[in-house]
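# Tertiary structure, described
Chain by chain, the residues run as shown.
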Amino acid sequence: MVRFFRRKKGAEEEASESPPEAEAPEQVEEAAEAPEAAEPVDEEAPKSVEQAVERTRRTWFARIGGLFRRGLDDELWAELEETLIAADTGVETTVKLLENLKERVKEENIREPEQAQEALREELLSILDVDSRLGRLWGPASGDPSAELPGRAGRTGPTTGLRMGGEAQDGGAEAPKPAVVLVIGVNGTGKTTSIGKLAHAYQQEGRKVLLAAADTFRAAAIDQLKQWGEQAGVDVIAHQQGGDPAAVVFDSLSAAESRDVDVLIIDTAGRLHTKVNLMEEMRKVNRIIQRKVPDGPHEVLLVLDATSGQNALHQAKYFTEALGVTGILLAKLDGTAKGGVVFAICDQLRIPVRFVGTGEKAGDLANFEPKQFVDALFA
């Protein structure tokens, strides 16, 4: 379930250094007070994970059953390796997976194709079993292994168990308010769109959301975030293009506090070709957050493009080396036949995939649930 802070630290004094000067006056896109004033959101049922992975299942994983039925021989292992790599599972992850599977087949004296295929499913599921306690908002509580997306109450799929500021957590500590989500990722991954979807989900839950347009490098990014804010019915804090991202973040944190906001979602720049400067900028933003919210950000969500395959893995490594990424949102899963990259990401980075983009509409964002994902691939 989407969970907000397991524990909230005691208040700390704000750092003595003065806040960054805003390079342009604050511009606020005010959300309409009445829901009907906002741009209407398509209420069509959101696409499911099963629909999103259909291309991957049909193109690659549908072949696996036929391979096993031909017998457990060297030819099977060679073709299985080729199929998994073609689905973007990655060479290193595929080799490890097949070594473990072969060992199980030998130790458990597996002879039936159905048993061997079930063992493969279990091995794939074990790859996705990473430490989901990273971060403060979406990790499991009370032994519940699922992370649930807000805004799904009364709909097909997972229901929400959202916890907000002022509500007691399992350990008795108060949840954070505002909850601060720092969203990172390279340009073109669907980062800003994913932020809009996440804001829509929270807004549908009845939570007060604020967006921060801290990607000041691109005017298009600011405009796009404002459009999503208007559609979702939430405010956006923005400065002019070329402004100081840290100043945007500082102003957004102040606004979130004064407006009694539940969730602040911060968009950031993603110029990977200047990754040294970009990472330093990200660290500066992080310091500003911690100056205002000592235990923030509560989640660092990395958005990756599923259609970019192994490039997504390389991008993730750059960001995780510089920042404490706590979760991954895999965008555009419905647009690729190579969804096997999910296994490579979890295996190589050991960071949980929290959400997946399943379509283009505001509601097309789903929780990532490992068993559901693996079952869908073999459906």
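Here's a quick rundown of the structure. (Residues numbered from 1 in each chain as written. Predicted model: local features only at pLDDT ≥ 70, side-chain atom pairs only at ≥ 80, totals over all residues. Heavy atoms only, no water.)

Let us look at the overall build of the chain. If you tally the helices and strands in the chain, you get 13 helices and nine strands. Burial analysis of the chain (379 residues in total) assigns 55% to the buried set. A separation of at least 24 residues holds for 78% of the contacts in the chain among residues at least 6 apart in sequence. By element, 45% of the accessible surface of the chain is carried by carbon and sulfur atoms, the whole surface being about 16300 Å². (Helix = DSSP H or I, 4+ residues; strand = E, 2+ residues; numbered from the N terminus. Buried < 20%, exposed > 50% of the residue type's maximum accessible area, 1.4 Å probe, protein only. Contact = heavy atoms within 4.5 Å. Areas by Shrake-Rupley, 256 points an atom, 1.4 Å probe, with all protein chains shown as cover.)

With that settled, the discussion passes to the packing of helix H11 (residues 310-322) against helix H12 (residues 341-349). Between H11 and H12, the least distance of the axes is 9 Å, while the angle of their chain directions is 30°. By the angle class used here, H11 and H12 are roughly parallel. Taken as a pair, H11 and H12 cross one another with a handedness that is right-handed. Contact residues: H11 offers Gln 310, Leu 313, Ala 316, Lys 317 and Thr 320, while H12 offers Val 341, Ala 344, Ile 345, Gln 348 and Leu 349. Per-class residue counts for the contact of H11 with H12 are six nonpolar, three polar and one charged. (Axes fitted to C-alpha atoms, helices over the stretch in contact; angles between N-to-C directions. Parallel < 35°, antiparallel > 145°, perpendicular 65-115°, else oblique. Left-handed = near helix turned anticlockwise from the far one by under 90°. Nonpolar A, V, L, I, M, F, W, Y, C, P; charged D, E, K, R; others polar.)

The grouping of Ile 85, Val 91 and Val 95 at the surface amounts to a nonpolar patch, some 200 Å² of accessible area in total. Owing to a relative accessible area of 32%, Val 95 belongs among the partly exposed residues under this scheme. (Patch = residues over 30% accessible without salt bridge, like charges linked within 9 Å, V, L, I, M, F, W, Y side chains within 5 Å. Salt bridge = Lys/Arg side-chain N within 4 Å of Asp/Glu carboxyl O.)

Glancing now at the pattern of salt bridges. Going through the model one piece at a time under the given rule, you end up with 21 salt bridges. Put simply, Asp 244 and Lys 284 hold a salt bridge, and the shortest N to O gap is 3.5 Å. Here Asp 244, found in the loop between strand S4 (235-238) and helix H9 (245-258), pairs with Lys 284, found in helix H10 (residues 275-292); they are 40 residues apart in sequence, far enough to count as distant. Given the relative accessible area of 12%, Asp 244 is considered buried. For Glu 280, the salt bridge goes to Arg 283, with nearest N and O atoms at 3.7 Å. One end of the pair is Glu 280 and the other is Arg 283, both in helix H10 and three residues apart, which spans about a single turn. Here Glu 280 falls in the partly exposed class, since its relative accessible area comes to 40%.

Here the focus is the pairing of strand S8 (residues 353-357). Among the five residues of S8, five are classified as buried, and the element is accordingly described as predominantly covered. Bridging between strand S7 (residues 327-331) and S8 involves three bridges; their strand directions are parallel. Considered in S8, the bridge of Leu 329 is made with Phe 355. A crossover connection joins S7 to the parallel S8 through H12; in handedness this β-α-β unit is right-handed. Bridge count between S8 and strand S9 (residues 365-367): three bridges; the pairing is antiparallel. Within S9, the residue paired with Phe 355 across the bridge is Asn 367. (Pairing = 2+ DSSP bridges. Right-handed = clockwise from strand over helix to strand, strands pointing away.)

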